[in-house]
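Here's the letter readout for the chains.
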Amino acid sequence: MSQPSRAPSVPATAAHGRVTVAGIALAADCLGALYWPAEGLLVVSDLHLEKGSSFARRGQLLPPYDTTETLARLAHLIAHYAPRTVIALGDNFHDGDGPGRLSPHGRASLIALQRGRDWIWIAGNHDPDPAGGIGGSFAASLSIGPLTFRHLPSRDAPDGEIAGHLHPVARVAQRGRAVSRRCFACDGKALVMPAFGAYTGGLNIRDRAFAAVFGARKFSAHMLGEDRLYAFTASRCLPD
Amino acid sequence: MAFAVERGELSLDRLFDQDMLGDDLEAWLAESALMKRTFRNCAIIAGLIERRYPGEEKSRRQMTISTDLVYDVLRKHQPDHLLLRAAYADAASGLLDVRRVSEMLARVKGHITHNPLDHVSPLAVPVMLEIGREMVYGEASDALLAEAEAELIKEAMS
């Protein structure tokens with residue numbers, strides 16, 4: 001055995017499941033994005049671009065490929081859905097200086113993805129201010145029809161709210177083994193997006209933070225699989 | 001499997017052929033829990049991440065990085081990275097001595113006798129204890145999710 005083999009690349013098709021938020025039918029993609037067919041809108045959240053380089057600046061030399069990888073996955077989604085509009089739902093960069101650290105190749109990739117469509121950067125807690133050199137337009141939140149897109153989920157989230165920030169992950173046991181996956185947390189009224197970034201961690205949906213969002217309402221974890229989503233009531237999922 | 005061997009549908013000689021140690025083993029190893037654990041260890045030794053101790057204050061979402069994620073990204077973008085080579089060497093010789101397995105396979109070739117037993121053999125105990133301990137990655141874990149989901153649906157409908 002000489003050296004590890006190259007990992008397989010992103011699959012040829014875009015596998016997805018369906019979720020409903022405030023009566024709107026959305027495609028929930030297995031890569032962790034939402035697509036609203038009627039509006040031609042693609043939503044991704046918590047890209048945390050340049051997280052690798054952010055850690056590197058603080059002395060932890062992570063391989064700096066996370067931006068490339070994240071943008072490659074996003075390119076795959078955009079190629080498949082050909083959206084009219086893309087919303088990046090906050091924490092788009094790991095820190096406010098992230099845009100400045102983009103490689104020329106990364107910046108060019110990003111600009112290429114924005115060509116011919118609207119691109120909206122929603123402000124996150126990691127990247128609260130608009131940045132230069134990354135195209136698109138900036139907003140604190142955005143409402144389209146019954147849906148409102150914002151970074152931080154509200155306490156007792158109102159109908160139609162789609163937010164990020166929490167990086168939901170669900171854990172399910174079967175045959176004595178536990179499987180953890182990123183998931184969409186949704187109760188039909190509001191939804192919390194999984195984190196899209198290649199180096200992003202996750203928070204278990206049994207954490208208090210999710211109870212604060214959904215209040216007493218039952219919600220489900222739609223876990224990301226290879227070619228479909230797997231749905232479980234949150235209370236049936238395991239804590240960490 | 002025992003029935004398949006008895007009926008002649010499954011050839012033990014073919015199953016235990018030395019050629020399993022080539023591409024098949026590499027493909028399995030690359031995705032395995034063993035490999036990711038080994039990579040994590042190399043990453044800790046290299047100072048890339050800190051070792052986490054039990055009882056430590058629960059790390060915030062963005063303060064730590066999962067080495068599994070780093071492993072996946074590295075495999076794709078720089079497969080000859082030093083850490084990957086080190087992890088591979090460790091996995092191949094440290095925990096999974098390929099050379100010795102190869103020699104054993106050569107030794108037993110053509111001499112394998114299949115003996116169906118009534119009870120679990122004491123020699124099988126170490127392997128039996130491993131069941132359920134290894135984390136499952138890839139296709140198998142999707143199958144587990146499908147099974148769990150189906151069971152809950154059945155429960156809900158009964």
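Residues numbered from 1 in each chain as written. Chains lettered and ligands numbered in written order. Predicted model: local features only at pLDDT ≥ 70, side-chain atom pairs only at ≥ 80, totals over all residues.

Caption draft 1: Spatial organisation of the interface of chain A and chain B. Across the contact, 33 residues belong to chain A and 38 residues belong to chain B. Within the residue set of the side of chain A that touches chain B, elements represented by two or more residues are α2 (66-81), β11 (168-174), β12 (177-186) and β16 (229-233) of chain A. For the side of chain A that touches chain B, the per-class residue count stands at 17 nonpolar, nine polar and seven charged. (Contact = placed C-beta atoms within 7 Å. Helix = DSSP H or I, 4+ residues; strand = E, 2+ residues; numbered from the N terminus. Nonpolar A, V, L, I, M, F, W, Y, C, P; charged D, E, K, R; others polar.)

Caption draft 2: Highlighting the nonpolar core. Among the nonpolar cores identified, the biggest contains 64 residues, and Val43 and Ala185 of chain A are the most heavily contacted of them. Of all the elements, β12 of chain A adds the most residues to this core, at five residues. Excluding residues within four positions of it along the chain, Ala185 of chain A makes contact with Pro168, Leu191, Val192, Ile205, Phe210, Phe219 and Ala221 of chain A. Grouped together as the second largest cluster of nonpolar side chains are 19 residues, Leu62 of chain A together with Cys42, Ala87 and Tyr88 of chain B included. (Core = buried A, V, L, I, M, F, W, Y, C linked by C-beta atoms within 7 Å. Buried ≥ 20, exposed ≤ 12 C-beta atoms within 10 Å, placed from the backbone.)

Caption draft 3: Layout of the environment of Asp97 of chain A. Relative to the helices and strands, Asp97 of chain A resides in the loop between β5 (85-88) and α3 (98-101). Asp97 of chain A sits in the partly exposed class, given 14 other C-beta atoms within 10 Å.

Caption draft 4: Local environment of the packing of α2 of chain A against helix α4 (residues 104-114) of chain A. All names here are of chain A. Contact geometry for α2 and α4: axes closest at 10 Å, N-to-C directions at 15 degrees. Taken together, the axes of α2 and α4 lie roughly parallel to each other. As α2 runs across α4, the sense of the crossing is left-handed. Judged by residue contacts, Thr67, Thr68, Leu71, Leu74, Ala75 and Ile78 of α2 engage Gly106, Ser109, Leu110 and Leu113 from α4. (Axes fitted to C-alpha atoms, helices over the stretch in contact; angles between N-to-C directions. Parallel < 35°, antiparallel > 145°, perpendicular 65-115°, else oblique. Left-handed = near helix turned anticlockwise from the far one by under 90°.)

Nothing here speaks to function; it is all geometry.
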